[in-house]
Amino acid sequence: MLAEMASPTLMESEARESPAVARRLAAESGAQLAELGARLRKISPRLVLAAGRGSSDAAALLAKYVIEIRLGLPTVSVAPSVHSIYGGRLQLDRALVLAISQSGRSPDLVEFCRNATGVDVLRIAMVNDISSPLTSAVDVTLPLMAGPETSIAATKSCIAAMTL
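Residues numbered from 1 in each chain as written. Predicted model: local features only at pLDDT ≥ 70, side-chain atom pairs only at ≥ 80, totals over all residues. Heavy atoms only, no water.

The next point concerns the side chain of Lys156. With respect to the helices and strands, Lys156 occurs in helix H8 (residues 155–163). Overall, the relative accessible area of 3% leaves Lys156 in the buried class. In terms of polar contacts, Lys156 uses its side chain to reach the side chain of Glu17, at 2.9 Å. With near-sequence residues (within four places) excluded, Lys156 lies in contact with Glu14, Glu17, Ser18, Val21, Ala146, Gly147, Pro148 and Glu149. (Helix = DSSP H or I, 4+ residues; strand = E, 2+ residues; numbered from the N terminus. Buried < 20%, exposed > 50% of the residue type's maximum accessible area, 1.4 Å probe, protein only. Polar contact = N/O pair within 3.5 Å; in protein donor to acceptor, adjacent residues only side chain to side chain. Contact = heavy atoms within 4.5 Å.)

Now the structure itself:
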């Protein structure tokens, strides 16, 4: 009985907004996703590198499963600090780089994307804040359209990234 009377947590309230976010993505992202699909077919990537922090990393893990099952492309989680801290460079020819971020402000993720270059490399950011530095470090930005978030776990953005 007490559980029924308690106010929902901020995280629960934001999670309850997710169906509306998913409807918005479905209604407004179709043309951009079709264009992206054509671009990907043209370059025919040989692997996918996914990067995210916290809940965005959970969305990247789901993307890994979907990409490997549906496309048969090896998909790995990358550690942006390999470049930002250790100065390492990855061989990225014909790679798809997928960065997922609610804020788009993680310095190592931005730096990793900025330096993820090679022949036929396509850098995509799935980001809630399209004015963030990450959008200028990639080739394509897929807005998550989750709206403002105050929950620590970036709940709506994570679910939106999993929806796209």
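A water-sized probe rolled over the atoms picks out the places where empty space is left. As a volume, the largest pocket reaches approximately 670 Å³. Lining the largest pocket we find 24 residues, and of these Leu40, Val66, Ile67, Leu71 and Leu164 sit closest to its centre. Residues belonging to the lining of the largest pocket are distributed by class as follows: 20 nonpolar, two polar and two charged. (1 Å grid on protein atoms, 1.4 Å probe; cavity = no way out; pocket = protein on both sides within 12 Å on 5 of 7 lines; lining within 4 Å. Points joined across faces, edges and corners; volume = space filled by probe spheres on them. Nonpolar A, V, L, I, M, F, W, Y, C, P; charged D, E, K, R; others polar.)

Looking now at H8. Along H8, the positions that sit buried rather than exposed are Thr155, Lys156, Ser157, Cys158, Ala160 and Ala161. If you follow the buried residues of H8, they end up packed against helix H2 (10–16), helix H3 (18–28), helix H5 (55–71), strand S3 (95–101) and strand S4 (122–127).

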